[in-house]
Amino acid sequence: MQSPQRPVASRASGSGESIPIEPGPGITGQDMTSQGIASQGITRRSILRNAAAGASAVVASDMTFLNQLRSAEVADELKKQEKRVILLWLAGGASQLETWDPKPGVKTGGPFRAIPTNVPGVRISELLPELATRMQHTAVIRSLNTKIADHGQGADLMECGRLNDPGLKYPDLGAVVARELGRLESRVPDYVSLYTATEGRRKGTSGFLGARYAPMFLSESMTPPNIVRQDSITEIAHQDRAALQNALSRRFANARRSQAVDSHTSAYQRVNGLMASAELFDIEKEPADVRARYGGTQFGEQCLIARRLVEAGVPFVKVARAWWDSHGQNFETHQELCADLDHSMSVLLDDLAERGLLQNTLVITLGEFGRTPQINASLGRDHFASAWSCSLSGHGVRGGSVWGKTDDLGQTVVEGEVGAADLFATILQALGIDHSHEYMLGARPVPLADFGAKPIREVLA
Amino acid sequence: MNQQDNVEPSPSQTPEAAVEPSGAVSMPTSVKIDKTFPLPAIGFCLAAGPSSSPLVYVGTSDFSVYAVDPTAEKVEARVLSENRHSSYVTGLVRHGDTLVSAGYDCAIIWWNAQTGEVLRRIENAHDKWIRRLAVSPDGTRIASVADDMRTKLWDFSSGECLAVWGDYALKTPHHFPSMLYAVTFSPDGTWLATGDRTGKVLVRESATGRIVATIESPGMYTWDPKARRHSIGGVRSLAFSSDSALLAVGGIGHVDNIDHLDGVSRIEIFRWQSGERQCLIEDNKYKGLVEAMRFAPGNQWLAAAGGNNDGFISVFSTVDGKMLAQEKAPMHVHDFEMHSPSAQAETEFSLIAVGYQQGVVVGIRNS
């Protein structure tokens, strides 16, 4: 039996007939139809036939087979655009009322004011004064209703855009982006996840995409473990070994050209690349004024690492900032954490823009949920997933836009309700990835964003 | 404690204690909630009316100041004026017929306590949220503390800013914004004490601003470097004894899970002039922040109140920190006033406390 964990095909849909799929930016309509797929000699029926043919062929083909199903030109073009994502994961659940959806003057509003931003008519919390001057980069979504107000399940939902099905683990956003935007020949990781605090720590998951797209996970240190050359091996010896391996592989490959050999060679190159990328995590390599600009907090330093990584070509970097779970002293907690977010993210946006990277990089703030409008006796706010906010900045979004609306007290969404799948679809579309693409797990089509997901076109550039 | 100068107690203040005819000091044995009353919002600060009046004034989370008569059969909160603050009202003092309030809107407002007329409004009295006000005992000066980490002294009558002191670090040792929570005058007005988020207390000469003592109380501050990477705590309340010799510092002890106020309520009492900590009080039964404290006139005991999701009102011996009596409050208490309703032997005190959407009248008795 074929393992349900293995994808065997992509971009087929429905019945196996030619079904037009709405083109995404940068992708031609022909590329996006099953007719287009058929023109490459592959039909939905053939996919299903392949799937049914058995596990061995499927496992052998793995992601390479996926690439055959997709237009090589389309996939390559997408990857060549070198789009990047930095996810600032606000673990524990930041308050929408103290960030993107302030409600000053009402009983649920808390003590903080709403301040004007550099986008006329858009106001955010006074706890984000630096970001308020950079709203031309940012789209705010104020109408998330994701229903799950439990840390674990909420994180599952918001990381993957859907909850796992029995027997099927979905990849998280990082793995999907790594899969869609990562380049096989890349010498840097496709997906790096930094989560230093221990509370709510989650590694991230590549689900059915497999270990190839699992994150390089940094928790105990900001430098990846086990990628540094051993002291017992000199740099010269290390380079000599790599050259010898390379020469032998090339000679072997010239005589026996196959996917397996290519994969083997690629794996070695990748390991050498990862070893060489260790210095990307070393912010001491940055000038002192750049380090000072990011400030002295760990989150600031990790944002600087994120910038270094995307600059070097890493498609997806997640920086988790824990822990926003302010059941007590919500306002004090947000005074601390919003100051950290406001400054670090503002410097990050500036730095990306100055280097010409923001036009290709999407910066997201998101957590597992928001916080209750009601203020409890400890001046805290509790878990709340019915009406909360997130932000998208940079590549692919219409800066300065605001989508959705909550009621006067912030208790319900009254306009533009958005679910996790819709948000996932929006993010993918912003990156030029068609959210309706499907991976095939056996005979089961699995779209990149969940069935029925609708991207918010109004926040997309 | 780091003592900058040798400071003598104010000559006008001499230690006193309520002494029973037998010579034994009278100590409270019970704390009892006699009455609860609703508030329209969270009560953050309280100022008692003149002794001839039963009224108290309450600053709240709906940006207003209310006049409340807790002795009324049906207690109602009357808003002083529709001309309100634009954020939480967190500091409130009274002298004569004038009330002065301050809040997170950075404004200080002078009010006619009778009519609610706004007499003066200083919009940007501080650059950040004002946490507390204190009035000098002679009613001539007001001190304000705010998250701009400045202490300001104001002329009560004219509103003139008399002094600005910025002796606190703007950031915590972990690079986050610090907060300056607490301020109090000594009973004779000579000294002014302030306390911040990191547990640093400064005592200064109120006339000159000269710092005469620095008390470090780091146990009031919990920085979680591993699990949650932020902090909680701070010095939330300060009180001088009537002879100014003792300074009580209130807050919360170590918190394992800083998502909640789940730490022991903590008081440290210092003989601040010599640097000696007289006692440390950590109450594990009623947890949370100690938001307000008052010494009894004889200085033998101290009333303290605060809470987490619940609240407490407790009475401790100032000699050894022993708990004398306590009562669970129906709400987190943010502030209280205490007085002796009768002249007899100071054996019975009435305490009016406000907090999360209600207030209480409490009797502290020795029988």
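Residues numbered from 1 in each chain as written. Chains lettered and ligands numbered in written order. Predicted model: local features only at pLDDT ≥ 70, side-chain atom pairs only at ≥ 80, totals over all residues. Heavy atoms only, no water.

Chemist: Looking at this structure, how should I read the overall build of chain A?
Modeler: Along the backbone of chain A there are 13 helices and 17 strands. Taking all 461 residues of chain A together, 60% fall into the buried category. Considering only contacts in chain A between residues 6 or more positions apart, those separated by 24 or more positions represent 74%. (Helix = DSSP H or I, 4+ residues; strand = E, 2+ residues; numbered from the N terminus. Buried < 20%, exposed > 50% of the residue type's maximum accessible area, 1.4 Å probe, protein only. Contact = heavy atoms within 4.5 Å.)

Chemist: Where do I start with the sheet that holds strand 31 (residues 358-365) of chain B in this structure?
Modeler: Each strand in a sheet pairs with another by means of backbone hydrogen bonds, the pair being arranged parallel or else antiparallel. All names here are of chain B. Spatially, 2-31-30-29 is the arrangement adopted by the 4 strands of the open sheet, whose pairing is antiparallel. Of all the strands in the sheet, the pair left with one neighbour each is strand 2 (30-38) and strand 29 (333-339). Mean inter-strand twist for the sheet, computed between neighbouring axes without regard to direction, equals 20 degrees. In this structure, strand 2 lies alongside strand 31, joined through 8 bridges in antiparallel fashion. Across the sheet, the residue bridging to Val31 is Ile364, located in strand 31. (Pairing = 2+ DSSP bridges. Axes fitted to C-alpha atoms, helices over the stretch in contact; angles between N-to-C directions.)

Chemist: Help me out: how do you make sense of the packing of helix 6 (residues 151-160) of chain A against helix 13 (residues 420-430) of chain A in this one?
Modeler: Two packed helices can be described by the angle between their axes and the distance between those axes. Residue and element names in this part refer to chain A. At a minimum axis separation of 8 Å, helix 6 and helix 13 run at an interaxial angle of 35 degrees. Of the residues in helix 13, those touching helix 6 at Leu157, Met158, Glu159 and Cys160 are Ala420, Leu423 and Phe424. Grouping the amino acids of the contact of helix 6 with helix 13 by side-chain chemistry returns 6 nonpolar, no polar and 1 charged. (Nonpolar A, V, L, I, M, F, W, Y, C, P; charged D, E, K, R; others polar.)

Chemist: Can you help me understand the confidence of the model for chain B in this one?
Modeler: When pLDDT drops low, the exact placement of atoms in the prediction is not to be read closely. With 92% of its residues at a pLDDT of at least 70, chain B reaches an overall mean of 92. Note on residues 1-23 of chain B: pLDDT under 50 across the span, and 58 contacts to partners over four residues away in sequence or across chains. (pLDDT = per-residue confidence, 0-100.)

Chemist: Looking at this structure, how should I read the nonpolar core?
Modeler: Taken as a class, soluble globular proteins show a tendency for nonpolar side chains to be buried jointly. With 80 residues, the main nonpolar core has Leu88 and Val363 of chain A together with Ile313, Leu351 and Ile364 of chain B as its most contacted residues. The element contributing the most residues to this core is helix 12 (residues 330-354) of chain A, with 9 residues. In this structure Val363 of chain A touches Ile86, Leu88, Met345, Leu348, Leu349, Leu352, Leu358, Ser391, Leu392 and Ser393 of chain A, once residues within four positions along its chain are discounted. The next biggest cluster of nonpolar side chains, apart from the first, holds 60 residues, and it includes Leu181, Phe208, Ile427 and Tyr439 of chain A. (Core = buried A, V, L, I, M, F, W, Y, C linked by side-chain atoms within 4.5 Å.)

Chemist: Help me understand the pairing of strand 24 (residues 276-287) of chain B in this model?
Modeler: Looking along a regular strand, one sees the side chains alternate between the two faces of the sheet. When strand 23 (residues 263-271) of chain B meets strand 24 of chain B, the two strands line up antiparallel, connected through 8 bridges. Counted as the bridge partner of Ser265 of chain B is Asp283 of chain B from strand 24 of chain B.

Chemist: Could you clarify how one ought to interpret the interface of chain B and chain A in this entry?
Modeler: Often, the extent of an interface is quoted as the loss of accessible area on bringing the components together. In this complex, chain B contributes 33 residues to the contact, which on the side of chain A involves 35 residues. In total, about 3,000 Å² of surface goes out of reach between chain B and chain A, with carbon and sulfur atoms giving 51% of it. Ranking the residues of chain B by area buried against chain A places Trp129, Arg229 and Asp259 of chain B at the top, with a combined share of 19%. A salt bridge links Arg197 of chain B to Glu336 of chain A; the shortest N-O distance between them is 3.5 Å. The interface formed by chain B and chain A holds 23 residue pairs in polar contact (both at pLDDT 80 or more) in total. (Buried area = accessible area lost by both parts, 1.4 Å probe. Salt bridge = Lys/Arg side-chain N within 4 Å of Asp/Glu carboxyl O. Polar contact = N/O pair within 3.5 Å; in protein donor to acceptor, adjacent residues only side chain to side chain.)

Chemist: What is the right way to look at the pattern of salt bridges in this model?
Modeler: Any two side chains of opposite charge can pair if their charged atoms end up close together. Residue and element names in this part refer to chain B. Going through the model one piece at a time under the given rule, you end up with 45 salt bridges over all chains. Salt-bridge contacts for Arg365 lead to Asp34; the nearest nitrogen and oxygen are separated by 2.9 Å. Taken as a pair, Arg365 in strand 31 and Asp34 in strand 2 lie far apart in primary sequence, 331 residues in all. Overall, Asp34 belongs to the partly exposed group, its relative accessible area being 37%. As a salt-bridge pair, Glu282 and Arg266 come within 2.6 Å of each other at their nearest N and O atoms. On the criterion of sequence distance, the pair formed by Glu282 in strand 24 and Arg266 in strand 23 is long-range, its members being 16 residues apart. The class for Glu282 is partly exposed, based on a relative accessible area of 41%. For Arg266, a relative accessible area of 10% puts it in the buried group.

Chemist: Would you explain the sheet that holds strand 7 (residues 89-95) of chain B in this entry?
Modeler: Residues and elements named next belong to chain B. A sheet is described by the order of its strands in space; here 4 strands give the open sequence 7-8-9-10, paired in antiparallel fashion. Two strands in the sheet have a free side with no partner beyond their single neighbour: strand 7 and strand 10 (118-122). The sheet shows a mean angle of 15 degrees between the axes of neighbouring strands, direction not considered. One ladder, built from 5 bridges, connects strand 8 (residues 98-103) with strand 9 (residues 108-112); its direction is antiparallel. Opposite Val100, over in strand 9, you have Trp110 as the bridge partner.

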